[in-house]
Amino acid sequence: MHTHVRLAILLGVLSVGAASAPGFTIVRNGRAACRIVVASPAHPAERFAADELRRYIRTITDVDLDIRMEGTAGAGPVISIGATRRSRYKNIKVESRYDGDDAFVIEPFGADLVIKGATPRATLYGVYALLEGIGSRWLLPGDPVGLQPGDRHDRKRTVANIKWTALKIPEAPDFPLRILQSPEPGKLLDLAGKRRLNIVAID
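A short tour of the structure in this document, coming up. Since the structure is predicted, the reported quantities are computational estimates derived from the model, not experimental observations. (Residues numbered from 1 in each chain as written. Predicted model: local features only at pLDDT ≥ 70, side-chain atom pairs only at ≥ 80, totals over all residues. Heavy atoms only, no water.)

**Remarks on the nonpolar core**
By size, the foremost hydrophobic cluster in this structure holds 33 residues, and its most contacted members are I26, L53, I57, I79, I81 and L131. Where this core is concerned, the elements lending two or more residues are β1 (24-28), β3 (35-38), α2 (44-61), β5 (78-81), β6 (104-109), β7 (112-117) and α4 (120-133). No other element matches α4, which puts eight residues into this core. With residues up to four places along the chain from it excluded, the contact list for I79 reads F24, I26, C34, R35, I36, V37, L53, L113 and I115. (Core = buried A, V, L, I, M, F, W, Y, C linked by side-chain atoms within 4.5 Å. Buried < 20%, exposed > 50% of the residue type's maximum accessible area, 1.4 Å probe, protein only. Helix = DSSP H or I, 4+ residues; strand = E, 2+ residues; numbered from the N terminus. Contact = heavy atoms within 4.5 Å.)

Structure (structure tokens):
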């Protein structure tokens, strides 16, 4: 009986801890809860990463996140993408094992969320990893949305709240070369990026 009581207490503590778990809120009650910030000037791949994040969040939630250049972000939480001053001040480091390494980190820091890669391309991969973390999936080339759990391919379904709850996600590919081979590589470039590959080869 005492064992059952202790187990019940433990489960109660765990449930309270899960309910109060920290996280970074991206969309709350159908409204933007943050802005996206890129460096000034931003590398083209990092600007594209910001555009992709906004595009898919808009598709999932019908909410537009503002993209601001650093220095114009204003008050409130931000998603910092790439080599911004903010990521340097917060001393966010990405371990790079070789030239062109696609390692990246997604790390909450204070009120902000930082996505930073060892390269600009790796930063884009970090954005796709974040989108996967909140439920997006890209199963086919050219998928315009990213499937959400339970949507049954209903492209009109939107959600009102999105929260990133992981504390820190570092990712580094096991192999320097990650290849997608196809007789029509042009159609697969977008999907290769989302799967964090770095070469598309022609059969």
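**Focus on α2**
Taking 1.5 Å per residue as the helical rise, α2 with its 18 residues ought to reach 26 Å, and the 26 Å between its terminal C-alpha atoms agrees with that figure. The set of residues buried in α2 consists of E46, A49, A50, E52, L53, Y56, I57, I60 and T61. The buried side chains of α2 occupy one side of the element, clustering within an arc of 160° when seen end-on. At the C-terminal side of α2, D62 shows a positive phi close to 70°. (Expected span 1.5 Å × (residues − 1). Arc of directions from axis to C-beta.)

**Comments concerning unusual backbone geometry**
Along the chain, S40 connects to P41 via a cis peptide bond; the corresponding omega equals 0°. Along the chain, P41 turns up in the loop between β3 and α2. Non-glycine residue N29 carries a positive phi angle of around 55°. Of note, N29 is situated in the loop between β1 and β2 (31-32).

**Description of the pattern of salt bridges**
Going through the model one piece at a time under the given rule, you end up with seven salt bridges. Of the charged contacts in the structure, one is a salt bridge between D66 and R68, with a shortest N-O distance of 3.6 Å. Judged by relative accessible area, R68 falls into the partly exposed class, the value being 26%. A salt bridge links R85 to E70, with the nearest nitrogen and oxygen atoms 3.6 Å apart. Taken together, the residues span a long stretch of sequence, with R85 in helix α3 (residues 85-89) and E70 in the loop between β4 (67-69) and β5 at a distance of 15 residues. Residue classification places E70 among the buried residues on the basis of a relative accessible area of 13%. Residues joined in a network through salt bridges with shared partners are R47, D51 and R54. (Salt bridge = Lys/Arg side-chain N within 4 Å of Asp/Glu carboxyl O.)

**What about the packing of α2 against α4?**
Between α2 and α4, the least distance of the axes is 8 Å, while the angle of their chain directions is 10°. Judged on the interaxial angle alone, α4 and α2 are roughly parallel. In this structure, α2 crosses over α4, and the sense of that crossing is right-handed. The residues of α4 that touch α2, namely those facing A45, E46, F48, A49, E52, L53, Y56 and I57, are P120, R121, T123, L124, V127, Y128, L130 and L131. (Axes fitted to C-alpha atoms, helices over the stretch in contact; angles between N-to-C directions. Parallel < 35°, antiparallel > 145°, perpendicular 65-115°, else oblique. Left-handed = near helix turned anticlockwise from the far one by under 90°.)

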